[in-house]
Amino acid sequence: DVKVTQSSRYLVKRTGEKVFLECVQDMDHENMFWYRQDPGLGLRLIYFSYDVKMKEKGDIPEGYSVSREKKERFSLILESASTNQTSMYLCASRLVGNTIYFGEGSWLTVV
Amino acid sequence: GNSVTQMEGPVTLSEEAFLTINCTYTATGYPSLFWYVQYPGEGLQLLLKATKADDKGSNKGFEATYRKETTSFHLEKGSVQVSDSAVYFCAQASGGGADGLTFGKGTHLIIQP
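Residues numbered from 1 in each chain as written. Chains lettered and ligands numbered in written order. Predicted model: local features only at pLDDT ≥ 70, side-chain atom pairs only at ≥ 80, totals over all residues. Heavy atoms only, no water.

Draft legend 1. The pattern of salt bridges, seen in detail. Residues and elements named next belong to chain A. The final tally for this structure, using the stated rule, is ten salt bridges over all chains. With its nearest N and O atoms 3.5 Å apart, the salt bridge here joins Glu79 to Lys18. Of the two residues, Glu79 sits in the loop between β9 (73-78) and β10 (87-94) while Lys18 sits in the loop between β2 (10-13) and β3 (19-21), which places them 61 residues apart along the sequence. Classification of Glu79 as partly exposed rests on a relative accessible area of 44%. A salt bridge links Glu69 to Lys53, with the nearest nitrogen and oxygen atoms 2.4 Å apart. (Salt bridge = Lys/Arg side-chain N within 4 Å of Asp/Glu carboxyl O. Helix = DSSP H or I, 4+ residues; strand = E, 2+ residues; numbered from the N terminus. Buried < 20%, exposed > 50% of the residue type's maximum accessible area, 1.4 Å probe, protein only.)

See below:
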């Protein structure tokens, strides 16, 4: 079975803090994604990565950055967390052209 | 850009009722179409998919048929169970560089005993 693991399920951070959300997949997938999920808005793509060290902006990249130094790991970074970034964050991965698999999500609250 | 529209929720049904959740898409061409399900406190799981016109995806008693003429991919189940209570997301392949997914806003389904 494909496994996409998000290291933190629940986080509470203060406004202005730097936040790292980590995601690891164990199936040697080239593509990885970060989405955020908000009530009434569904899922929106923040960033995606074709392969190691390659990244592209999604629909809502403002306030976020990403890092992909190794194929299995894709990190989402909030340089200076704000309350409007309180959300559920979902990581996903796939082999090119195949099904996208999701992690269980990370609930981030910024106070 | 592409978009996916699905019926607003919550949808509340009694156990053993027939379920339909409507979904329409706006992409040109023949994008792959998906239904994902999210159980409480969990991430999204692929429920079923279809990759070309007239394909029928099916899984766990759920079905959806890719209708190019109506740009629709409605989810159906003949007899729902309490355990089907979840949020259901319709999605299409976005195309473009990453070929990610464009999601609908989700439909919260509540099944009462």
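And the narrative resumes.
Draft legend 2. Structural detail: the interface of chain B and chain A. Contact with chain B, which involves 17 residues of that partner, is made by 19 residues of chain A. Carbon and sulfur atoms supply 56% of the area buried between chain B and chain A, which totals about 1400 Å² over both sides. For the pair chain B and chain A, the interface holds zero salt bridges. Only β5 (33-38), β6 (44-50) and β11 (101-103) of chain B provide two or more residues apiece to the side of chain B that touches chain A. Examining the composition of the side of chain B that touches chain A, we find that three residues originate from one element, β6 of chain B, more than from any other. The class makeup of the residues in the side of chain B that touches chain A is seven nonpolar, six polar and four charged. (Contact = heavy atoms within 4.5 Å. Buried area = accessible area lost by both parts, 1.4 Å probe. Nonpolar A, V, L, I, M, F, W, Y, C, P; charged D, E, K, R; others polar.)

Draft legend 3. Quick look at the state of the cysteines. Scanning the model with the defined rule gives two disulfides over all chains in all. The disulfide bridge from Cys23 of chain A ends at Cys91 of chain A, spanning 1.9 Å between sulfur atoms. The sign of the S-S torsion, about -80°, decides the handedness of the disulfide formed by Cys23 of chain A and Cys91 of chain A: left-handed. You can see Cys23 of chain A sitting in strand β4 (residues 23-25) and its partner Cys91 of chain A sitting in strand β10, a full 68 residues away along the chain. Comparing Cys23 of chain A with Cys91 of chain A, the two get one shared label, buried. With its sulfur 1.9 Å from that of its partner, Cys23 of chain B forms a disulfide with Cys90 of chain B. Handedness of the Cys23 of chain B-Cys90 of chain B disulfide follows from its S-S torsion of about -70°: it is left-handed. With Cys23 of chain B in strand β4 (residues 23-25) and Cys90 of chain B in strand β10 (residues 86-93), this residue pair connects regions lying 67 residues apart in the sequence. Assigned by exposure class, Cys23 of chain B and Cys90 of chain B land together as buried. (Disulfide = S-S within 2.5 Å.)

Draft legend 4. Quick look at the sheet that holds strand β3 (residues 19-21) of chain B. Residue and element names in this part refer to chain B. In spatial order, the strands read β3-β9-β8-β7; together these four strands make up an open sheet with antiparallel pairing. Each edge of the sheet is formed by a strand with only one pairing partner; in this case those strands are β3 and β7 (56-59). Pairwise comparison of adjacent strand axes, ignoring direction, gives a mean angle of 20° for this sheet. Where β3 and strand β9 (residues 75-77) come together, three bridges link them in antiparallel fashion. (Pairing = 2+ DSSP bridges. Axes fitted to C-alpha atoms, helices over the stretch in contact; angles between N-to-C directions.)

Draft legend 5. Broad picture of the layout of surface pockets. As a volume, the largest pocket reaches approximately 510 Å³. As for the largest pocket, its lining consists of 29 residues, of which Gln37 and Pro39 of chain A together with Val87, Phe89 and Lys105 of chain B are closest to the centre. Contributing elements (two or more residues each) for the lining of the largest pocket: β5 (31-38) and β10 of chain A together with β1 (4-6), β10 and β12 (107-112) of chain B. (1 Å grid on protein atoms, 1.4 Å probe; cavity = no way out; pocket = protein on both sides within 12 Å on 5 of 7 lines; lining within 4 Å. Points joined across faces, edges and corners; volume = space filled by probe spheres on them.)

Draft legend 6. View of the packing of aromatic side chains. Taken as a whole and judged by the stated rule, the model has 13 aromatic pairs over all chains. Summarising the aromatic geometry, the rings of Phe102 of chain A and Phe103 of chain B are spaced 5.9 Å apart at their centres and angled 70° between planes, so their arrangement reads as edge-to-face. Here Phe103 of chain B lies in strand β11 and Phe102 of chain A lies in strand β11 (residues 101-102), a pairing that spans two chains. Residues Phe102 of chain A and Phe103 of chain B agree in their burial class; the two are buried. When the centroid spacing of 5.6 Å and the interplanar angle of 40° are considered together, the rings of Phe62 of chain B and Tyr88 of chain B count as tilted. Of this pair, Phe62 of chain B sits in strand β8 (residues 62-65) while Tyr88 of chain B sits in strand β10, and the two are 26 residues apart along the sequence. Accessibility expressed as a relative area gives 2% for Phe62 of chain B, which makes it buried. (Phe/Tyr/Trp six-rings, centres within 6.5 Å; stacked < 30°, edge-to-face > 60°.)

No statement about biological role is implied by the geometric values presented.
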